[in-house]
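# Observations on the three-dimensional arrangement
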Amino acid sequence: MGQLDQTILKIEGMSCSMCKGKVEKTLKSISGVTSVSVDLEKKEAIIAGSASPAGLAKAVEELGFRVTD
């Protein structure tokens, strides 16, 4: 098996468990994503899989959140 990549996105604008849930559900629906862990306190999402970081960031931004470096 090939090595799965891990992407960490810093996300601004998540303030509650509903925000966290929306982000997790959206990221999990992307082709190539195998797991998602969103941390509200750290304001980040850790995504495992082969999806492109740019595609992941775009999906989060389409929800109305801001991805920062």
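Notes on the structure in this doc start here. (Residues numbered from 1 in each chain as written. Predicted model: local features only at pLDDT ≥ 70, side-chain atom pairs only at ≥ 80, totals over all residues. Heavy atoms only, no water.)

The antiparallel open sheet is built from four strands, whose spatial order is β2-β3-β1-β4. For this open sheet the edge positions go to β2 (33-39) and β4 (66-68), each flanked by a neighbour on one side alone. For this sheet the average axis-to-axis angle between neighbouring strands, irrespective of direction, equals 30°. Examined bridge by bridge, β2 and strand β3 (residues 44-49) share six bridges and lie antiparallel to one another. Along β3, the bridge assignment pairs V36 with I47. Sheet contacts for helix α1 (residues 17-28): β1 (5-12), β2 and β3; angle to β2, the most-contacted strand, approximately 165°. Packing against the sheet, helix α2 (residues 53-62) makes contact with β1, β2, β3 and β4, and its axis sits at approximately 30° to β1. (Pairing = 2+ DSSP bridges. Helix = DSSP H or I, 4+ residues; strand = E, 2+ residues; numbered from the N terminus. Axes fitted to C-alpha atoms, helices over the stretch in contact; angles between N-to-C directions. Contact = heavy atoms within 4.5 Å.)

The subject of this paragraph is the nonpolar core. L9, I11, V23, L27, I47 and V60 are the most contacted members of the largest nonpolar core, which has 17 residues in total. Mapped onto this core, the elements with two or more residues apiece are β1, α1, β2, β3 and α2. Residue contacts for V23: discarding those within four places in its chain leaves I11, M14, V38, V60, L63 and F65. (Core = buried A, V, L, I, M, F, W, Y, C linked by side-chain atoms within 4.5 Å. Buried < 20%, exposed > 50% of the residue type's maximum accessible area, 1.4 Å probe, protein only.)

The subject of this paragraph is the side chain of T7. Note on placement: T7 falls in strand β1. If we skip the residues at most four places from it in the chain, T7 touches A45, I46, I47, P53 and L56.

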